[in-house]
Amino acid sequence: GAGPVLTVALVLVRECQAQGEPVVWVTARHDSFYPPDAAAAGVALEALPVVRAIARQTAGRAAGHLLRSGAFGLVVLELPAGVLLPQPLLARLSRTAALHETALLVLTQKADDTPSQGSLVSLRAVATRERLAEGQWQIEVTALKDKRRAPGWRHQEVRGGPPGLC
């Protein structure tokens, strides 16, 4: 089943789709994006292209091409655990996203005290999941860094888990 970071990302994808914004998901991980989890989260799979990249460099370049197209309201870039994008690439992605008014969501897995992708990141958050009952989970997102408002804010939701989540 989807981990808490992926669960939050799928909620964002669903919300963008509900607002009529096209979304694309780019992943450099071979074991992450799972269509049944996305469908269970309410994502319209028929409207979500998924690009599976062989390496992080390829994923970053693919995200750059998709951002430059200006065709998407949200580009999700999912990286393997512990992978940092080179700062010049991250700077280009950030500038291109701003130019086309596109949200760029970079998903990583790392410890809270491990550095972020860099100073260009405007929001860094950690997501956790706690089982409340059979098939019921509390998802919490806590902002560790937020350039638009003070860090430390939290958002909690109770969600049902996708099929197979124990």
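Our subject in this report is the structure included herewith. (Residues numbered from 1 in each chain as written. Predicted model: local features only at pLDDT ≥ 70, side-chain atom pairs only at ≥ 80, totals over all residues. Heavy atoms only, no water.)

1. Brief notes about the overall build of the protein
Phase 1 of the analysis: Secondary structure summary: the protein contains 4 helices and 7 strands in total.
Phase 2 of the analysis: Listed by position from the N terminus, the elements making up the protein come as α-β-α-β-α-β-α-β-β-β-β.
Phase 3 of the analysis: Going through the 166 residues of the protein one by one, you find that 40% of them count as buried.
Phase 4 of the analysis: Excluding contacts between residues fewer than 6 apart, the proportion of contacts in the protein whose partners are at least 24 apart in sequence is 62%.
Phase 5 of the analysis: By element, 55% of the accessible surface of the protein is carried by carbon and sulfur atoms, the whole surface being about 9,000 Å². (Helix = DSSP H or I, 4+ residues; strand = E, 2+ residues; numbered from the N terminus. Buried < 20%, exposed > 50% of the residue type's maximum accessible area, 1.4 Å probe, protein only. Contact = heavy atoms within 4.5 Å. Areas by Shrake-Rupley, 256 points an atom, 1.4 Å probe, with all protein chains shown as cover.)

2. Some points on the pattern of salt bridges
Phase 1 of the analysis: Evaluation of the coordinates by the stated rule reveals 1 salt bridge.
Phase 2 of the analysis: Across the pair Glu-134 and Arg-131 runs a salt bridge whose closest N-O atoms are separated by 2.6 Å. (Salt bridge = Lys/Arg side-chain N within 4 Å of Asp/Glu carboxyl O.)

3. Some words on the environment of Ala-133
Phase 1 of the analysis: On the secondary structure map, Ala-133 appears in strand E5 (residues 123–133).
Phase 2 of the analysis: Judged by its relative accessible area of 34%, Ala-133 is partly exposed.
Phase 3 of the analysis: Taking the C-alpha atoms as reference points, Ala-133 and Gly-160, 27 residues apart in sequence, are found 9.5 Å from one another.

4. Observations concerning the sheet that holds strand E3 (residues 74–78)
Within a sheet, neighbouring strands are paired by backbone hydrogen bonds and run either parallel or antiparallel to one another.
Phase 1 of the analysis: The 4 strands are arranged E2-E1-E3-E4 in an open sheet whose pairing can be described as parallel. On the outer flanks of this sheet lie strand E2 (50–52) and strand E4 (103–107), each paired with one strand and no other. Ignoring which end each strand starts from, the neighbouring axes of this sheet average 15 degrees apart.
Phase 2 of the analysis: The pairing of E3 with E4 spans 5 bridges and is parallel. When the sheet's bridge partners are listed, Val-76 is paired in E4 with Leu-105. (Pairing = 2+ DSSP bridges. Axes fitted to C-alpha atoms, helices over the stretch in contact; angles between N-to-C directions.)

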